[in-house]
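# Descriptive structure summary
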Amino acid sequence: MVVYPQIRTSADLLKSTIRIEALIPFLQQQKAEACAIVNSRLYGLLPFWHEMKKAGIHPVIGLAVNVQFAEDVELPLILYAQNNRGYHHLLKISSSVAIRKDELLPFRWLAGYAAGCIAIIPVFAQEAVWLERPQLAEQLKQLFGEHLFIGIERLEVAAAREQEAVQLSEQMAIPIMAIHENTFMTKDDHFAYEVARAIDTGVKENLTFNLKLKHRYMLTKEEWQQFFADRPQWLKQAAQVLRSCHVTLEQHDTLMPKFPVANGQTAEQLLQEHVLSGLQQRLQSMQLPTNYEQRVRHELSVICSMGYADYFLIVEDFMRFAREQQILTGPGRGSSASSLVAYALRITQVDPLQYDLLFERFLNPERVTLPDIDIDFVDTKRQEVIQYVANKYGQQHVAQIITFGTLSAKAVARDVARMLGFEQTELEQISKMLPNKPGIMLQDVYKESQNLRNWIQQKPERERWYATAQKLEGLPRNASTHAAGVVLSPIPLVEVVPIEEGHDQIFLTQWSMFEVEQAGLLKMDFLGLRNLTILEQIRRSVQYTHGQDIQFEKIPLHDQQTFDLLQAGDTAGIFQLESEGMRQALREIKPTHFLDIVAVNALYRPGPMDFIATYARRKHGQEQVTLLHPVLEPILYETYGVLIYQEQITRIAHVMAGFSIGEADILRRAVSKKNREELERQRERFVLGAQHKGYDPQIANEVYALIVRFADYGFPKSHAVAYSLISYQMAYLKAHYPVNFYAALLTNATGNTDKLVQILIEAKAKGITILPPSIQKSGRHFKVENGQIRYSLSAIKNVSQPFLKSLMEVRNERDTPFKDLFDLASSLSTAVFQQKAIEPLIKAGALDDFQLDRAVLLASIEAARKHVDFNVGKPKLAVTEPLSQQERLQYEKDVLGFYLSEHPLTKWRTTIQVSATTYNVNRQRDGQYVKMLGITSEIKQIRTKKGELMAFVELQDEYGSISATLFPKEFAAVQQQLELNLIAYVEGVLEFRFGKPQLKVKHMRMQAM
């Protein structure tokens, strides 16, 4: 048997390349008895522990630390958890080190956490520094006693100072154990490991190939015995030490957070009070209707019996905080929208009884799970709510969850190439050859791309690059904060999980989401939803322009103007409804009721999408609604006999087969997994239950077959209803306040030129005037001005936020507009009024308020600066030629990304007839012959296999761009005239590739602007 005392795993962020999935088979092959994970933090501990247990190998929890004995004295130390007390101390040590900027462990802290731990002095680490300070070993001896060992490593042969270490051991009576740090699997992995370290540090010079690093591979049993042939007792001591460590990491009961309640009151009592009063307010009645009272009593009974009362009170509390701070929250998300208790507490805005939503879809008493209430917030204010929770329950009890970024195919390919000193042109070639496809692996690209294979085979260093990149691909690279996850613990977090420094004085767990839940902590998701931000911006804009305070929950759900907009598919910019396919579905279904929007949101997915046409035909009376049995009619009535929702499956099993709602939900889950044995077992139970209720077995079998068919397609109605509310609210605002709607959309599209152009085109098509940017009137965002939209200064390239902040402050302090360029310069000061900030504003037309040609303004920037600095005489404007129309438009395109005041194609459209633009080309059919106008923005020439020249040309018009392909014959006809920034008239055949239109050119004619 053999043991491995010091394995550093790949979880330690590029400090090792050892992956658990490769480690386990190796250890089994060596018949390893035990092994210790020794990372610099407790990253990756739980996966390591559980996989080792599963493989029958004894896992030991270790940690590598640097102990600070004095101000300038830091020495390395290895710590093991010998028992559960030691394990809890390692949690605290790892947290303490990670929170300190220097990442050192002061000796006094080590003394406080030493109990239950074993310490190993890696005597040859850091150039054998321990041998220079033997008195410090004495300090550790006093602290750890018989739990202190000296670790001696041999790199094939004994180290030069090994005898000194043996003498130290004898003098202080500290036993010796064999150690060997492992950071990569085999000798062949050494180079890849060095590259990983270089990527981590950013220093290419790290590729030193020194002897010590070269021996950090996993030793075989024979190598251990060979290296320590003369000292077998050290190997035996190592085995004894690892075997002496016994920590139990069993699955914890969930540590449910506690809500502070008054003395003499329980959380259950407080919850009941809040729910009943909340529901009375919701229903505007002190006497609850019978169905509501029965439902709420049932839900409260389940919630309290499961021990979740505190959890609901906590969520209610931070939702109340959000409302008080006017932070918009979503109407609900996922299955929590099916809870009447959540509705009563104003956690959700969906009345589940109104939409026949089932509580058991959220909390099933027959299948106990943790409550999962995910909340959507305005994405710019989400952190405020998390901060409130941290302040209320204490910094030690609240943390955000860590997530680890990995080396993706493209990232690892470029990083390795950079570390190997590849030229910039080679880096660019690599980027072009590797697609930006999430989850794609290098070996997949290699198999599919002849170009990549040829490129690699041209040079030996490229083959080495590819082999190294493959070895590093997928390794954890960096740690960041999970987009939503927050944990709240009733006890200090360091008693349960290791933590580290986070943001805004909120800690970060060292373990990822799954591991945090394994440790027994309850995760809550605080999500930022951009569409809520847009809704909030529109609400504030309407309040400013119309003096109306919109309350989203009071928007009528039967507004004809909104349904007219939805029926026309006029849903660009509307949450979940803006894709062309969804717009077509809306035009087909022609919603007349809110539930139609819910249905289309649930149906518009691969699979159930096929039933959109059926739903539409039946809704419009063009097809008869057919049902297997009349008992299904009340369940499928609202969806015209189409099985859409998971809740419908549950209802069918309840009504027809006599399942309880909880049992029926378990059936739904089981059937969706498509396990053959389980399907048959559930079928027998369903049919038997149906027979007991008097239904024909054949009908029961047919209904069960229907359930099986739709189990995969079924969508949670609770989620569809909640998110459809957001869709409807946005549609309502677009229908009633279009100018405010488009202003908010434009603000949120800032930085995305293509999106900005599409929104501007649609707004103009609706008759909305877009006012040019103005130094006097424009703000940081697009805003409504007298029923028109004023262009935002933030949407001008190279205009910085610090400059805009200064401009807004100066403007707010003034009572009058800026008189001229010189007044603007003196108001801002030359520290702010700089060429790089003012030039793009002038080019965009933001200084046209001064009634001067843009050429004069551009030429006078320096004169204005000098006038402010020296203030000598009367300021003088530069004398220069005015800009031509083409220059003016080109400047606009340079700083805005498109032509704002006028497009160069506009005047040509009156004389040249076309059949398509990039705005409507998606509505043309594949293979259609079209005529188009565009400006050549990109030209790429290539040679065919026959050696003939052909070209790909990017054409831009007022609405967007399209790729045009000129095969050799067509290219030869225009090769001499084809240049960038010319107007091109093209005729050709449309071809849709991956849903994107391309043009095969049959004829092309060029024209200067």
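These numbers were taken from a predicted model, which means no experiment stands behind them.

### Here we look at the overall build of the protein chain
- Broken down by element type, the protein chain carries 43 helices and 22 strands.
- Each principal axis of the C-alpha distribution contributes one length, and for the protein chain these read about 100 × 90 × 70 Å.
- In the protein chain, which comprises 1009 residues, the share counted as buried stands at 54%.
- Here the contacts in the protein chain between residues at least 6 apart in sequence split such that 70% fall between residues at least 24 apart.
- When the accessible area of the protein chain is evaluated, it comes to approximately 45,300 Å², of which 48% is carbon and sulfur surface.

### So, the UniProt feature "domain: DNA polymerase helix-hairpin-helix motif" (unreviewed entry) in the protein chain
- The residues that UniProt annotates with the feature "domain: DNA polymerase helix-hairpin-helix motif" (unreviewed entry) are residues 767-855.
- When the span residues 767-855 is considered, its composition is 37% helix and 9% strand, and the gap between its end C-alpha atoms is 31 Å.

### Focus on the sheet that holds strand 17 (residues 788-790)
- Strands sit in the order 15-17-16 across an open sheet of 3 strands; the sheet is mixed. The sheet is open, and its two borders are formed by strand 15 (770-771) and strand 16 (783-785), each paired with just one other strand.
- Examined bridge by bridge, strand 16 and strand 17 share 3 bridges and lie antiparallel to one another. Bridging across to strand 17, V784 finds its partner in I789.
- Sitting on the sheet, helix 34 (residues 738-749) touches strand 16 and strand 17, and the angle it makes with strand 17 is about 20°.

### Describing the UniProt feature "domain: OB" (unreviewed entry) in the protein chain
- Following the UniProt record, the feature "domain: OB" (unreviewed entry) maps to residues 938-1005 here.
- As annotated, residues 938-1005 has a helix share of 10% and a strand share of 60%, and its two end C-alpha atoms lie 16 Å apart.

### Thoughts on the pattern of salt bridges
- Within this structure, the stated rule accounts for 56 salt bridges.
- Salt-bridge contacts for E299 lead to R295; the nearest nitrogen and oxygen are separated by 2.8 Å. Remark: R295 and E299 occur in helix 13 (residues 290-305); sequence separation between them is 4 residues, near one turn of the helix.
- A relative accessible area of 0% places E299 in the buried class.
- The shortest N-O distance in the salt bridge between E536 and R540 comes to 2.9 Å. Placement of the pair is E536 and R540 together in helix 23 (residues 530-546), with a separation of 4 residues, close to one helical turn.

### Remarks on the nonpolar core
- F686, Y791, F803, L807, L841 and L847 are the most contacted members of the largest nonpolar core, which has 135 residues in total.
- Here this core takes 12 residues from helix 33 (residues 717-736), the largest share from any one element.
- Filtering out sequence-adjacent residues up to four positions away, F686 remains in contact with I652, A653, M656, A657, F659, L667, A700, V703, Y704 and I707.

### Some points on the sheet that holds strand 18 (residues 929-943)
- Around the barrel, 5 strands lie side by side as 18-19-20-22-21; this closed barrel has mixed pairing. Across this sheet, the average inter-strand angle for adjacent strands is 50°, counted without regard to direction.
- Pairing geometry for strand 18 and strand 19 (residues 949-956), over 8 bridges, is antiparallel. Across the sheet, I939 pairs through a bridge with V953, a residue of strand 19.

### Remarks on the packing of aromatic side chains
- The tally for this structure, following the rule as stated, stands at 33 aromatic pairs.
- With a centroid separation of 5.8 Å and 85° between ring planes, the pair formed by F69 and W130 is classed as edge-to-face. Of the two residues, F69 sits in strand 3 (residues 58-70) while W130 sits in helix 5 (residues 125-132), which places them 61 residues apart along the sequence.
- You can call F69 buried: its relative accessible area is 15%.
- The interplanar angle of 10° and the centroid separation of 4.2 Å between the aromatic rings of F321 and Y388 together place this pair among those described as stacked. Here Y388 lies in helix 16 (residues 382-393) and F321 lies in helix 14 (residues 309-324), a separation of 67 residues in the sequence.
- For F321, a relative accessible area of 13% corresponds to the buried category.
- Overall, Y388 belongs to the buried group, its relative accessible area being 16%.
- Over the aromatic face of F659 sits the side chain of R685, whose NZ or CZ is 4.4 Å from the ring centroid.

### What about the environment of T880?
- For T880, the location among the structural elements is in the loop between helix 40 (861-870) and helix 41 (885-896).
- By relative accessible area, which is 36% here, T880 ends up partly exposed.
- Once residues lying within four places of it in the same chain are set aside, the contact partners of T880 are A855, V856 and A859.

### So, unusual backbone geometry
- The backbone of D356 shows a phi angle near 55°, a positive value even though the residue is not glycine.
- Within the secondary structure layout, D356 lies in the loop between helix 15 (340-344) and strand 9 (375-378).
- What makes D356 partly exposed here is its relative accessible area of 35%.
- Even without being glycine, Q576 reaches a positive phi, approximately 70°.

### Section: the pairing of strand 13 (residues 506-509)
- With burial as the criterion, each face of strand 13 is covered, one bearing I506 and L508 and the other bearing F507 and T509.
- One ladder, built from 2 bridges, connects strand 10 (residues 398-406) with strand 13; its direction is parallel. Of the residues in strand 13, the one forming a bridge with Q400 is L508.
- The pairing of strand 12 (residues 499-503) with strand 13 spans 3 bridges and is antiparallel. If you follow I499 over to strand 13, its bridge partner there is T509.
- Between the end of strand 12 and the start of strand 13, which pair antiparallel, lie 2 residues, with D504 showing a positive phi angle near 55°.

### Quick look at the pairing of strand 18
- Two strands pair when backbone bridges link them, and strand 18 and strand 21 (residues 983-993) are joined in this way by 7 bridges, in the antiparallel orientation. Bridge pairing in strand 21 links L933 to Y985.

### Structural notes on helix 37 (residues 821-828)
- By the criterion of burial, helix 37 is predominantly enclosed, with 6 of the 8 residues buried.
- The complete set of buried residues in helix 37 reads L821, F822, D823, L824, A825 and L828.
- At its buried positions, helix 37 is contacted by helix 36 (801-813), helix 39 (854-859) and helix 40.
- Where helix 37 begins, the capping side chain belongs to D820, and its oxygen is found 3.1 Å from the backbone nitrogen of F822.
- Among the residues trailing helix 37, S829 stands out with phi positive, at a value near 80°.

### Details of the side chain of Q729
- With respect to the helices and strands, the residue Q729 is situated in helix 33.
- If sequence neighbours within four positions are ignored, Q729 has contacts with L535, F552 and I555.

### Some words on the side chain of T918
- Secondary-structure assignment places T918 in the loop between helix 42 (906-909) and strand 18.
- Its relative accessible area of 11% is what places T918 among the buried residues.
- Separated by 2.5 Å, the side chains of T918 and D957 make a polar contact.
- Beyond its immediate stretch of four places on either side in the chain, T918 contacts M932, D957, Y959, G960, S961 and I962.

### Digging into helix 13
- In this model, helix 13 (16 residues) spans 22 Å end to end at C-alpha, consistent with the 22 Å of a helix rising 1.5 Å per residue.
- Where helix 13 is concerned, the buried positions are Y292, R295, V296, E299, L300, V302 and I303. The arc enclosing the buried residues of helix 13, seen along the axis, measures out at 165°, which places them on a common side. Exposed positions of helix 13 whose direction lies more than 90 degrees from the buried face are T290, Q294 and S305.
- Where helix 13 is buried, its residues contact helix 12 (267-283), helix 14 and helix 15.
- Positive phi shows up at G307, right after helix 13, with a value of about 80°.

### Section: the packing of helix 5 against helix 6 (residues 134-144)
- Where helix 5 contacts helix 6, the two axes come as close as 5 Å, and the packing angle between them is 80°. Judged by the angle between their axes, helix 5 and helix 6 are roughly perpendicular. Packed against helix 5, whose contacting residues are W130, L131 and E132, the element helix 6 presents P134, L136, A137 and L140 at the interface.
- Grouping the constituent residues of the contact of helix 5 with helix 6 by class yields 6 nonpolar, no polar and 1 charged.

### Overview of the environment of I534
- Looking at where I534 falls in the secondary structure, it is placed in helix 23.
- In this structure the C-alpha to C-alpha distance between I534 and A390, which are 144 residues apart in sequence, comes to 27 Å.
- Setting aside anything within four residues of it in sequence, one finds I534 in contact with M730, A744, L745 and N748.

Criteria and cut-off values
Residues numbered from 1 in each chain as written. Predicted model: local features only at pLDDT ≥ 70, side-chain atom pairs only at ≥ 80, totals over all residues. Heavy atoms only, no water. Helix = DSSP H or I, 4+ residues; strand = E, 2+ residues; numbered from the N terminus. Buried < 20%, exposed > 50% of the residue type's maximum accessible area, 1.4 Å probe, protein only. Contact = heavy atoms within 4.5 Å. Areas by Shrake-Rupley, 256 points an atom, 1.4 Å probe, with all protein chains shown as cover. UniProt positions renumbered as here; feature names shortened; annotations may be inferred. Pairing = 2+ DSSP bridges. Axes fitted to C-alpha atoms, helices over the stretch in contact; angles between N-to-C directions. Salt bridge = Lys/Arg side-chain N within 4 Å of Asp/Glu carboxyl O. Core = buried A, V, L, I, M, F, W, Y, C linked by side-chain atoms within 4.5 Å. Phe/Tyr/Trp six-rings, centres within 6.5 Å; stacked < 30°, edge-to-face > 60°. Lys NZ or Arg CZ within 6 Å of the ring centre and 35° of its normal. Polar contact = N/O pair within 3.5 Å; in protein donor to acceptor, adjacent residues only side chain to side chain. Expected span 1.5 Å × (residues − 1). Arc of directions from axis to C-beta. Parallel < 35°, antiparallel > 145°, perpendicular 65-115°, else oblique. Nonpolar A, V, L, I, M, F, W, Y, C, P; charged D, E, K, R; others polar.

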